[in-house]
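Read off the chains here:
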Amino acid sequence: RALLRVRELGGLVMIFTARSDDVMEVVAKNWRLGETPIQQLVDGFFTKSHLVLQEKSDGEPVLVPAKDLRMLDESLERVIIVDDNPKRILQPHRHRLIKKFHADPYLE
């Protein structure tokens, strides 16, 4: 419902994963919300190749590959991220924490 509501309000929905590009492509081909393929419900995907590191000379050092929301909106005024790992997000004030999802019980 959240994905659909964001789209109704004119927002973009991006899926951001720490998985590689090739793994995400395989997953996305098979992922559906009801009967609708996920590619029809989201505007795009960010993968491991989009994670960033930052040297101290560029500001606060980022030592663990992290998600940088400035790729979506440099001002950060119109972007939030819903994620289960706050340690991998450069802009924690734009983060909404959710419980980690474990898919294995659903797949069984």
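The model shown is predicted, which means the values in this text are computed figures rather than measured ones.

## Some details on the overall build of the chain
A tally of regular secondary structure across the chain gives 3 helices and 8 strands. For the chain, the succession of helices and strands along the chain, N to C, is α-β-α-β-β-β-β-β-β-β-α. Over its C-alpha atoms, taken along the principal directions, the chain stretches across nearly 50 × 30 × 25 Å. Taking contacts inside the chain between residues at least 6 apart in sequence as the whole, the part at least 24 apart equals 37%.

## Looking at the nonpolar core
Membership of the largest hydrophobic core is limited to 8 residues, which are Phe16, Phe46, Leu51, Leu69, Leu76, Val79, Ile81 and Ile89. With sequence-adjacent residues up to four places away left out, phenylalanine 46 is seen in contact with Met14, Ile15, Phe16, Thr17, Met71 and Leu72. Listed in part, the 7 residues of the second largest apolar core include Val13, Ile15, Leu41 and Val42.

## Describing the confidence of the model for the chain
Mean pLDDT over the chain: 86, with 100% of residues reaching 70 or higher. Ranking the elements of the chain by mean pLDDT puts helix α3 (residues 104-107) last, at 76, and strand β3 (residues 36-37) first, at 91.

## A short note on the packing of aromatic side chains
This structure, assessed with the given rule, holds 1 aromatic pair. Ring geometry for phenylalanine 16 against phenylalanine 46: centres 5.0 Å apart, planes inclined by 45 degrees, an arrangement best described as tilted. In this pair, phenylalanine 16 is assigned in strand β1 (residues 14-16) and phenylalanine 46 in strand β4 (residues 44-46), connecting sequence segments 30 residues apart. Positioned above the aromatic ring of phenylalanine 16 is the side chain of lysine 67, whose terminal nitrogen or guanidinium carbon lies 5.6 Å from the ring centre.

## Remarks on a nonpolar patch on the surface
There is a patch of nonpolar side chains on the surface, built from Val23, Val27 and Trp31 and spanning about 230 Å² of accessible area. Note that valine 27 resides in helix α2 (residues 21-30). Take valine 27: its relative accessible area is 40%, and that puts it in the partly exposed class.

## Considerations on the side chain of histidine 95
As for its placement among the helices and strands, histidine 95 is situated in strand β8 (residues 95-97). Apart from the residues within four sequence positions on either side, histidine 95 is in contact with Ile81, Asp83, Pro86 and Ile89.

## Digging into the environment of arginine 78
As for its position among the elements, arginine 78 is in the loop between β6 (62-66) and β7 (81-83). The exposure class of arginine 78 is exposed, given its relative accessible area of 75%. Along the backbone, arginine 78 and leucine 12 are 66 residues apart, and their C-alpha atoms lie at a distance of 10.0 Å.

## A closer look at unusual backbone geometry
Despite not being glycine, leucine 76 has its phi angle at roughly 65 degrees, a positive value. Looking at the element boundaries, leucine 76 is found in the loop between β6 and β7.

What counts, and where the lines are drawn
- Residues numbered from 1 in each chain as written.
- Predicted model: local features only at pLDDT ≥ 70, side-chain atom pairs only at ≥ 80, totals over all residues.
- Heavy atoms only, no water.
- Helix = DSSP H or I, 4+ residues; strand = E, 2+ residues; numbered from the N terminus.
- Contact = heavy atoms within 4.5 Å.
- Core = buried A, V, L, I, M, F, W, Y, C linked by side-chain atoms within 4.5 Å.
- Buried < 20%, exposed > 50% of the residue type's maximum accessible area, 1.4 Å probe, protein only.
- pLDDT = per-residue confidence, 0-100.
- Phe/Tyr/Trp six-rings, centres within 6.5 Å; stacked < 30°, edge-to-face > 60°.
- Lys NZ or Arg CZ within 6 Å of the ring centre and 35° of its normal.
- Patch = residues over 30% accessible without salt bridge, like charges linked within 9 Å, V, L, I, M, F, W, Y side chains within 5 Å.
- Areas by Shrake-Rupley, 256 points an atom, 1.4 Å probe, with all protein chains shown as cover.
- Salt bridge = Lys/Arg side-chain N within 4 Å of Asp/Glu carboxyl O.

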